[in-house]
Structure formats: structure tokens, C-alpha cells
Amino acid sequence: MKYSIIFVATAPLLASAQQSLWGQCGGIGYTGPTNCVAGAACTTQNAYYAQCVSAAGQPTTTRAVTTTAGATTTRTTTTTTRTTTGSQPAGTGLDALIKAKGKKYVGFATDQGEFGNTGITNILKAEGGCVSPENSMKWDATEPSRGSFNFNGADALVNFAQTNGKMIRGHTLLWHNQLPQWVKNIGDKATLTTVIQNHASTVAGRYKGKIYAWDVANEVVADGGGMRSSVFSQVFGDWTFLDVAFKAAKAADPNAKLCLNDYNINFTGAKLNTFVQVVKDLKSRGVPIDCVGTQTHTSVGGSDIPNYKNTLTTLAGTGCEVQITELDIAMSTTTSTSALQQQQRNDYKTIVSACMGTSACSGITLWGVDDANTWITGKHPLLWDENFAKKPAYQGFVDGINS
Ligand code: 9MR
């Protein structure tokens, strides 16, 4: 009698405890459902993470691997099936998930040098809806000497995007870094005005109608608030070099959304306050600005993360569209521990969830695809590891979309 009561009570529970497509289904420390819904197969990504992957999307070659699971004292061994790394079917990656929830894109920074790497391009194609040129549209690449333009790298990025049906975030028309010395040498306002106008209109004009949003200006606010020191701020003496750049970009590509982009505005404080004031002042002067970009290069366990929703709300208070433009969450050490992986997963979830809960937040771009190809060498900041296996961070991103 006792046994039959237990059986009757638990059978429906077991039947309903099925993980949804792309949900976690195994891994060290995981205690949730290990069965996947119909059409999905539980696939080990690494010792800490197995995932319900679309059965239809799996490559036909599979191999059995043995992984361990459970706490140290009660370690058990289970056998699962691991797929070889392959691309997901179109429409099932992060971009499709976020679009289904009403946002515009998940994007990745990349450039021509990565297009021969099928590990990267498979992910760009299957998971992304937008690309940002990591370096190829910057001033040093596009106008290394005055009036002499080079679009080799930028054209390659745009061709890749168009061939694969991806949106493009243009990055960036005006920045104090990766700025050729000939621009830094300009000492008079009339010349610098002409040079900014010519640069912005030539670069933005070349890709007219192809760019979703331009980072017209990047990192113009000083870290402690106020105006960053640069040839632009020094020669103009005020913020109106922005007016010149935004107006030139507008004239060159009227339908692109024009953004002001910066880092560390994911922290409250003087820098965020100045940034918001600059945007409001641009609007009050009638300068065409449509969007703000919060880069969000941050750290696992960072103090900005629990408050991230608030900083997005503050940015949305400008009345502009808000975009997360360069997301990565670096570990503090080069050793990627299980605890750091789990914290990173939570942090990705928190940030993505904040965007989902902010109607002005339109999309999220990751500053790279995998941990072997990132500007933060050795700090494991992205969603895929060095072997293109999904990290717990990937599931955190998915959970954030679904939150
Ligand atoms: O990821 C870019 C790296 O390859 C370049 O060497 C670096 C040079 O300045 O710029 C990196 O991208 C930066 C972006 O353009 C603006 N925000 C900060 C990014 C990381 O440094």
C-alpha cells in the first residue's frame, strides 16, 4: 500500500520533469531534469554542462563519452552521447530566441580574419543576427592618410553580413583610439570640422542603407566624468565636435540609427551622469541621435551587475534606443573554475534579463564568439570555450532571454 501511494504520487512528476529545448539537462552540480522534451537530445558540452539540443540539428556522427556527475562524496558515473561540434539549424540560436521575445538581434564582433575559421562562422551564422566590425571600420583602417580611404576589411565584413542575412552595427566613425597621427596633429577647428565631415560622410555613405546602427562617436566621456581629452575636445573646446559627426552621418545614411557609445556606463556615477547629460544636450540642440550604446565590458561577480537593470533604465531615460554593444564578462584569473563558470552564467543571465525587462533595450552584441578569440586574452569572457563548446554562460544567456 505504502509503495503504491509513492508510485502513484511520483509517476506524473517524473513524466513532467522534462527539460525544454536548449535547457540544461546534466553536469556536475546540476540537480534539475535530465530528460529532454521530444525532439531534443541531452548532449554533454563539458563536465559541468549538458544541454537539450535539437535532435534534428545534430550531426549524424556521434560518439559516446563518459562523464562524472554529482558531489565528490556521492560521485556517480553516467554515459551520455556527445555530438561533434556542428552548427545549429538556422532559426534556433540566440538570435532566433531573442527575436521571438520581441528584441531585434543578438550580435557578435568579428572581422575578415575570422571568416576562415569555421568554428566561428558556424556560430555567427546559426546564433547571430548582427555583426559588428571589431576593427575594420575604425579610422586607422579606413582613412590612414587624409582623403585616402581603404575599405578592404570593412567591405569584407559587410559582404559577410549581407551574404548571410545579418544586420550590421557600424563601429565607429569618431574615436580617440585607433586614430591616425595625421588627425591628432590637426590644430584648428575649421580643418578638423572638414576632416570629421569628410570621414563620417565617406565611410557612412559607402554603406548607406546597409547599417542598422552606427556608433557615430565612441568613448568621448572621461572616466571620472566630463569631457575626455582628445584632439576633438581640445580643438573644439566643447562637445560640438559631436554635432559635426552626427550631422554628417545623418546626411550620409539617413535611415541608420545613430548612437553614442561608451564603456563603464554600466556603473552608476559621474561617467554615467555626464554621458546622459551629453545625450540630452545633443537632443536639445537638435542633433540627430537615436541610440545609446553601453559597451558592458565587465567582470564575473562585478558590482555593476546586480544594478545593471537600473543603469539600463537610466540610459533609457534619455529617450533613445538602448543597445548593449560589446558585452563580455571576464574572469579574474586565467583558471576557469566551476565556481567562476557558474557565477559567469548567473551574470550573463542578469544582464540579458535586464535588457529583456527594458523596453528601450533593442539588442545585445557580444564582443567576440569564443574564448580563444577575444581581446581579453586568457580571461574566458565569452559564451563558447576555446574548443567552441558552449559554456554555462551560454545557458545563462538563454535563461536571461527566457526570464
Ligand atoms: O577588440 C578590439 C581589439 O581587437 C583592438 O586591438 C582594440 C584596439 O583599440 O579595440 C578593441 O575593441 C574595442 C572597441 O573598439 C571599443 N571598446 C573597447 C573594445 C575593447 O578594447
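Residues numbered from 1 in each chain as written. Predicted model: local features only at pLDDT ≥ 70, side-chain atom pairs only at ≥ 80, totals over all residues. Heavy atoms only, no water.

Q: Is there a simple way to explain helix α11 (residues 308–316) in this structure?
A: Quick reminder: α-helices carry 3.6 residues per turn. Residues three or four places apart thus point the same way. Listed as buried for α11 are Tyr 308, Thr 311, Leu 312 and Leu 315. With its buried residues spanning 105° around the axis, α11 presents them on a single face. Residues of α11 that are buried sit in contact with α10 (270–284), β13 (291–294), β15 (321–330), α12 (338–356) and β16 (361–366). (Buried < 20%, exposed > 50% of the residue type's maximum accessible area, 1.4 Å probe, protein only. Helix = DSSP H or I, 4+ residues; strand = E, 2+ residues; numbered from the N terminus. Arc of directions from axis to C-beta. Contact = heavy atoms within 4.5 Å.)

Q: What should I look at first to understand the side chain of Asp 347 in this one?
A: Its place among the elements puts Asp 347 in helix α12. For the buried Asp 347, no salt bridge is present, and the opposite-charge side chain at shortest range is Arg 345, 11 Å distant. (Lys, Arg positive; Asp, Glu negative; His and termini not counted. Salt bridge = Lys/Arg side-chain N within 4 Å of Asp/Glu carboxyl O.)

Q: I tried to follow unusual backbone geometry on my own but got confused; where do I start?
A: Working note: non-glycine residues mostly have negative phi, and peptide bonds are mostly trans. Along the chain, His 171 connects to Thr 172 via a cis peptide bond; the corresponding omega equals -5°. Secondary-structure assignment places Thr 172 in strand β10 (residues 167–175). For Glu 219, which is not glycine, the phi dihedral falls at a positive 60°. Its identity as a non-glycine residue notwithstanding, Thr 296 has a phi of 65°, on the positive side. The residue Thr 296 is located in the loop between β13 and β14 (297–299) in this model. Judged by relative accessible area, Thr 296 falls into the buried class, the value being 0%.

Q: Quick question: what am I supposed to make of the nonpolar core here?
A: Side chains of nonpolar character tend, in soluble globular proteins, to be buried together. Counting residues in each nonpolar core, the largest one holds 94 residues, and the members touching the most others are Trp 214, Phe 232, Leu 242, Phe 246, Leu 260 and Phe 397. It is helix α9 (residues 240–252) that provides the largest number of residues to this core, a total of 8 residues. Discounting residues that sit within four places of it in the chain, Phe 232 has contacts with Trp 139, Leu 174, Trp 175, His 176, Leu 179, Val 183, Leu 192, Ile 196, Gly 237 and Phe 241. If you look at the next biggest cluster of nonpolar residues, it comprises 6 residues, including Cys 130, Ala 213, Cys 259 and Cys 291. (Core = buried A, V, L, I, M, F, W, Y, C linked by side-chain atoms within 4.5 Å.)

Q: Which parts of the structure should I look at to understand the side chain of Glu 143?
A: Tracing the backbone through its elements, the reader meets Glu 143 in the loop between α4 (139–142) and α5 (152–163). Buried and without a salt bridge, Glu 143 has Arg 146 as its closest oppositely charged side chain, separated by 6.0 Å. Within the structure, the side chain of Glu 143 is placed 2.8 Å from the side chain of His 199, a separation counted as a polar contact. (Polar contact = N/O pair within 3.5 Å; in protein donor to acceptor, adjacent residues only side chain to side chain.)

Q: Explain the state of the cysteines to me, please; I cannot follow it from the model alone.
A: In protein structure, a disulfide is the covalent linkage between the sulfur atoms of two cysteines. On inspection of all chains with the given rule, the structure shows 2 disulfides. A disulfide bridge connects Cys 259 with Cys 291, and the sulfur atoms are separated by 2.0 Å. Judged by the sign of its S-S torsion, about -90°, the bond between Cys 259 and Cys 291 is left-handed. Separated by 32 residues along the polypeptide, Cys 259 in strand β12 (residues 257–262) and Cys 291 in strand β13 bring together distant segments of the chain. No difference in accessibility class separates Cys 259 from Cys 291, as the two residues are buried. Disulfide pairing is shown between Cys 355 and Cys 361; the S-S distance is 2.1 Å. Residues Cys 355 and Cys 361 are joined by a disulfide whose S-S torsion is about -100°; by sign, that bridge is left-handed. (Disulfide = S-S within 2.5 Å.)

Q: Can you help me understand the site of the ligand in this one?
A: As a matter of local geometry, the ligand sits amid 13 residues, with Glu 134, Lys 138, His 171, Gln 178 and Glu 326 nearest to it. One nitrogen or oxygen atom from the side chain of His 171 is found 2.7 Å from an oxygen atom belonging to the ligand. For the ligand, the protein covers 75% of the area, taking 460 Å² as the surface of the free molecule. Tallied by class, the residues present in the shell around the ligand amount to 3 nonpolar, 6 polar and 4 charged. (Near = heavy atom within 4 Å. Areas by Shrake-Rupley, 256 points an atom, 1.4 Å probe, with all protein chains shown as cover. Nonpolar A, V, L, I, M, F, W, Y, C, P; charged D, E, K, R; others polar.)

Q: What exactly am I supposed to notice about the environment of Thr 296 here?
A: The spacing of Thr 296 and Thr 325 is 29 residues in sequence and 7.2 Å in space, taken between C-alpha atoms. If we skip the residues at most four places from it in the chain, Thr 296 touches Asn 266, Tyr 308, Ile 324, Glu 326, Leu 327, Asp 328 and Ile 351. Within the structure, Thr 296 has its side chain in polar contact with the backbone oxygen of Thr 294 (distance 3.0 Å).

Q: What is the right way to read the pairing of β13 from this model?
A: Neither face of β13 is left uncovered, since the one carrying Cys 291 and Gly 293 and the one carrying Val 292 and Thr 294 both have all their residues buried. Handedness of the crossover joining β12 and β13 through α10: right-handed. Pairing between β13 and β15: 4 bridges, direction parallel. From the neighbouring strand, Val 292 faces β15, where its bridge partner is Val 322. (Right-handed = clockwise from strand over helix to strand, strands pointing away. Pairing = 2+ DSSP bridges.)

Q: What exactly am I supposed to notice about the pattern of salt bridges here?
A: Once the charged atoms of two side chains with opposite charge are near each other, the side chains can pair. Evaluation of the coordinates by the stated rule reveals 11 salt bridges. A salt bridge links Arg 285 to Asp 243, with the nearest nitrogen and oxygen atoms 2.7 Å apart. With Arg 285 in the loop between α10 and β13 and Asp 243 in helix α9, the pair connects residues that are 42 residues apart, well separated along the chain. Judged by its relative accessible area of 37%, Arg 285 is partly exposed. Under the relative-accessibility criterion, Asp 243 is labelled buried at 10%. When the shortest N-O distance is used, the salt bridge between Asp 262 and Lys 271 registers 3.3 Å.

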